[in-house]
6 protein chains.
Amino acid sequence: MCTAQYYIVVEDDSLIQDLVDAALAEGGFENEIVASGEKAVALLQGAPTKYRALLTDINLKGQLTGWDVAKRARELNPEMPVIYMTGAAADEWPSHGVPNSILLNKPFAPAQVVTAVSQLINQAPPPKE
Amino acid sequence: MCTAQYYIVVEDDSLIQDLVDAALAEGGFENEIVASGEKAVALLQGAPTKYRALLTDINLKGQLTGWDVAKRARELNPEMPVIYMTGAAADEWPSHGVPNSILLNKPFAPAQVVTAVSQLINQAPPPKE
Amino acid sequence: MCTAQYYIVVEDDSLIQDLVDAALAEGGFENEIVASGEKAVALLQGAPTKYRALLTDINLKGQLTGWDVAKRARELNPEMPVIYMTGAAADEWPSHGVPNSILLNKPFAPAQVVTAVSQLINQAPPPKE
Amino acid sequence: MCTAQYYIVVEDDSLIQDLVDAALAEGGFENEIVASGEKAVALLQGAPTKYRALLTDINLKGQLTGWDVAKRARELNPEMPVIYMTGAAADEWPSHGVPNSILLNKPFAPAQVVTAVSQLINQAPPPKE
Amino acid sequence: MCTAQYYIVVEDDSLIQDLVDAALAEGGFENEIVASGEKAVALLQGAPTKYRALLTDINLKGQLTGWDVAKRARELNPEMPVIYMTGAAADEWPSHGVPNSILLNKPFAPAQVVTAVSQLINQAPPPKE
Amino acid sequence: MCTAQYYIVVEDDSLIQDLVDAALAEGGFENEIVASGEKAVALLQGAPTKYRALLTDINLKGQLTGWDVAKRARELNPEMPVIYMTGAAADEWPSHGVPNSILLNKPFAPAQVVTAVSQLINQAPPPKE
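Residues numbered from 1 in each chain as written. Chains lettered and ligands numbered in written order. Predicted model: local features only at pLDDT ≥ 70, side-chain atom pairs only at ≥ 80, totals over all residues. Heavy atoms only, no water.

1. With respect to the interface of chain E and chain B
- With 18 residues of chain E in contact, the opposing surface of chain B contributes 18 residues.
- Here chain E meets chain B over a buried area of about 1300 Å², counting both sides, of which 60% is carbon and sulfur.
- Put simply, chain E and chain B have zero salt bridges between them.
- On the surface where chain E and chain B come into contact, there are four residue pairs in polar contact (both at pLDDT 80 or more).
- Of all elements in the fold, only helix H1 (14-27) and helix H5 (110-123) of chain E reach the threshold of two or more residues within the side of chain E that touches chain B.
- Residue contributions to the side of chain E that touches chain B peak at six residues, all from H5(E).
- The class makeup of the residues in the side of chain E that touches chain B is eight nonpolar, eight polar and two charged. (Contact = heavy atoms within 4.5 Å. Buried area = accessible area lost by both parts, 1.4 Å probe. Salt bridge = Lys/Arg side-chain N within 4 Å of Asp/Glu carboxyl O. Polar contact = N/O pair within 3.5 Å; in protein donor to acceptor, adjacent residues only side chain to side chain. Helix = DSSP H or I, 4+ residues; strand = E, 2+ residues; numbered from the N terminus. Nonpolar A, V, L, I, M, F, W, Y, C, P; charged D, E, K, R; others polar.)

Take a look at the structure:
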């Protein structure tokens, strides 16, 4: 249990940032929270095997949407678990989401985040380090 | 995160009411607990899009069983996540349960309830409000 | 391969009877086709372990609907694979279908029937004979 | 069984066109085979509810790839079953595919196509006509 | 809720013992933690219907590996939910694991354990007591 | 479609050999049928990436059982789709089978074999050649 496991959360609404951060921390996950897709992609490119899952809002402040961030994450690691968190953009998921991803409709309860992350990681193959 | 999400729990045993209520509240879900199938159906009919999942015991005090309540809930909302909680009636589930439901065998642990609710809601399409 | 495997098909439209019968026969399944729910239930009660799957139309000529036949079949054998074939009654499936069943929307192609039957039987536990 | 069910196949290699066409026809599916993504999109836009599944090669002769065609199909019908057929582009599926799609790796056997189409259609909700 | 539900955890690393024990206890599960496969098998043989799930490390101090313990548990109860916890031996799972088991790659978060146990138990048929 | 795809079938009963061979050939699969586990392992070791699925009987004439052959196949290729065909040994599957395998109970229909093979291959990642 000595190696830390990091999870990237991309979210620009600080209330939801806090909710997701608290829920994941209580579940035992270590998060790195960023407010833009650009920062998330920079982190993923800098250390492709460091992160074990991506949670992302769709409508972000920068150029990149959450759909873009997830695509980039999967190009870097085809097995990366992906969870989208959105209200307004939920109906774009069937055409813009990646395979084997989960969509959480806002508002959601903290337990939904923890279960979604755990389920996807429990199905994923062991990370190559 | 401003819109409340309600969950209906139908259970006439106050010990299990408390266990389920506490487990769901800790997971971040807001519950409305009723002791009879008749009350549950009245709530569902009065506000069909207000509730995001139904958890129901089978053997209830009134005329309606949990099997009846779940059928009525699915007539009002075909996508409604349904979780049955029972000990004695578990072997009736293959013939009386609705498709895509989960059966929790009593006694169950609080985490089983939270995981069951989260899993079903995470798979459901966005609620139409 | 010496023991015959029987499949019950409940359907009162002779065109669909023929289509389903031909498709299943080509797949290697032996069928017993009946035109009413009453006859299906009589066969199932007379030899509960003889049949390995039930395929049933919903709107039948007798008193029993396909929903009733499937419930009775599952009471006799809780593991019985169930496939409903319907056009008009498809929207009743979420409230009237049994768990782990498949609904085929009419019109369907012969290959859909064969795949549905094969999938459910391949998941079922070995029949107790 | 009177209403025809159409399936769109987008493929510019005539050998594979023939294999897929023959396999689906034998399974009872009626196909419309086109050689470019542009033609497929035109057909889908002209009659969004006519087609029940999309099978598409990835590398096509026109401007549009199979990834593009599937996205457009899902925008028109969020429930559309999607099957990709490819050899060279299989590793792009985790980042470019749509949710709940199937990837067939070339070379594939005819039975794989029929099973993939049947499985996805059997899970889909009834078409709105 | 009066009957206790026991879960067997086989793990010889006391740090992971504590993490798993605390996580399961918080989820409401009662555990019996043993440090060797031999002790786990003795408990299972002594009371085959007492335990509702097995969580086991792979590399243990005695003669038996976690692969052996899980096989023995499934011989005693073919429906027993099985969860392996390992780092080094993860690549042996496709050949040495039992069907319908989950592998947790170390290091894992407490929430992964709770979700894995809950998911498998929620799918299992009622225990025969 | 130019590269042949081979499937290994291990079966010492010539009647079932013929049934499985005919069913798979009609589905478009090319088979190599052997009568002992030893021969199957020799073929797999000689060309680990040549075969795309293993179908095996359990009780074979040589030293190796079907359980042994499947384990060896998964050690050589962790993603290898595995299908067991058995009557007498079905109840050993929960303890002796490999993860993500399918068990076909004898007697089975030809369509069950074709659907089982197609389903597992359609889920498998692209073969590394």
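Additional details are given in the paragraphs that follow.
2. As for helix H3 (residues 66-76) of chain F
- Of the residues making up H3(F), those classed as buried are F:Gly66, F:Trp67, F:Val69, F:Ala70, F:Lys71, F:Ala73 and F:Arg74.
- Looking at the buried side of H3(F), the elements it contacts are helix H3 (66-76) and helix H4 (93-96) of chain E together with helix H2 (37-46), strand S3 (51-57), strand S4 (82-86) and helix H4 (93-96) of chain F. (Buried < 20%, exposed > 50% of the residue type's maximum accessible area, 1.4 Å probe, protein only.)

3. Examining the pairing of strand S4 (residues 82-86) of chain A
Residues and elements named next belong to chain A.
- Most of S4 sits inside the fold, with five of its five residues counted as buried.
- The alternating pattern of S4 places Val82, Tyr84 and Thr86 on one face and Ile83 and Met85 on the opposite face, and all of these are buried.
- Two elements, strand S3 (residues 51-57) and S4, share four bridges in a ladder whose sense is parallel. Counterpart to Thr56 in the pairing with S4 is Tyr84. (Pairing = 2+ DSSP bridges.)

4. A word on the UniProt feature "modified residue: 4-aspartylphosphate" (unreviewed entry) in chain A
All names here are of chain A.
- Here, UniProt's "modified residue: 4-aspartylphosphate" (unreviewed entry) annotation points to Asp57.
- Tracing the backbone shows Asp57 in strand S3.
- What makes Asp57 buried here is its relative accessible area of 6%.
- Ignoring any residue separated from it by four or fewer positions in sequence, one finds Asp57 in contact with Val10, Glu11, Asp12, Gly66, Met85 and Lys106. (UniProt positions renumbered as here; feature names shortened; annotations may be inferred.)

5. Let's talk about the packing of aromatic side chains
- Within this structure, the stated rule accounts for 17 aromatic pairs over all chains.
- The ring of E:Tyr6 carries the charged tip of E:Lys50 above its face, separated from the ring centre by 4.7 Å. (Phe/Tyr/Trp six-rings, centres within 6.5 Å; stacked < 30°, edge-to-face > 60°. Lys NZ or Arg CZ within 6 Å of the ring centre and 35° of its normal.)

6. Section: the packing of helix H2 (residues 37-46) of chain E against H3(E)
Residues and elements named next belong to chain E.
- Where H2 contacts H3, the axes come no closer than 10 Å and their chain directions differ by 5°. In terms of their interaxial angle, H2 and H3 are classed as roughly parallel. Mapping the contact onto sequence places Gly37, Ala40, Val41, Leu44 and Gln45 in H2 and Val69, Arg72, Ala73 and Leu76 in H3.
- Residue composition of the contact of H2 with H3, by class: six nonpolar, two polar and one charged. (Axes fitted to C-alpha atoms, helices over the stretch in contact; angles between N-to-C directions. Parallel < 35°, antiparallel > 145°, perpendicular 65-115°, else oblique.)

7. Considerations on the relation of the copies chain E and chain B
- Turning chain E through 120° and shifting it by 0.0 Å along the axis lays it on chain B, with an RMSD of 0.0 Å. Such a combination of rotation and displacement between the chain copies is what one expects of a three-fold axis. Across chain E, the smallest distance between a C-alpha and the rotation axis is recorded for E:Thr115, namely 3.7 Å.
- A share of only 17% of interface residues in chain E that are also interface residues in chain B marks the association as one of differing surfaces. (Least-squares fit on C-alpha atoms with pLDDT ≥ 70 in both.)

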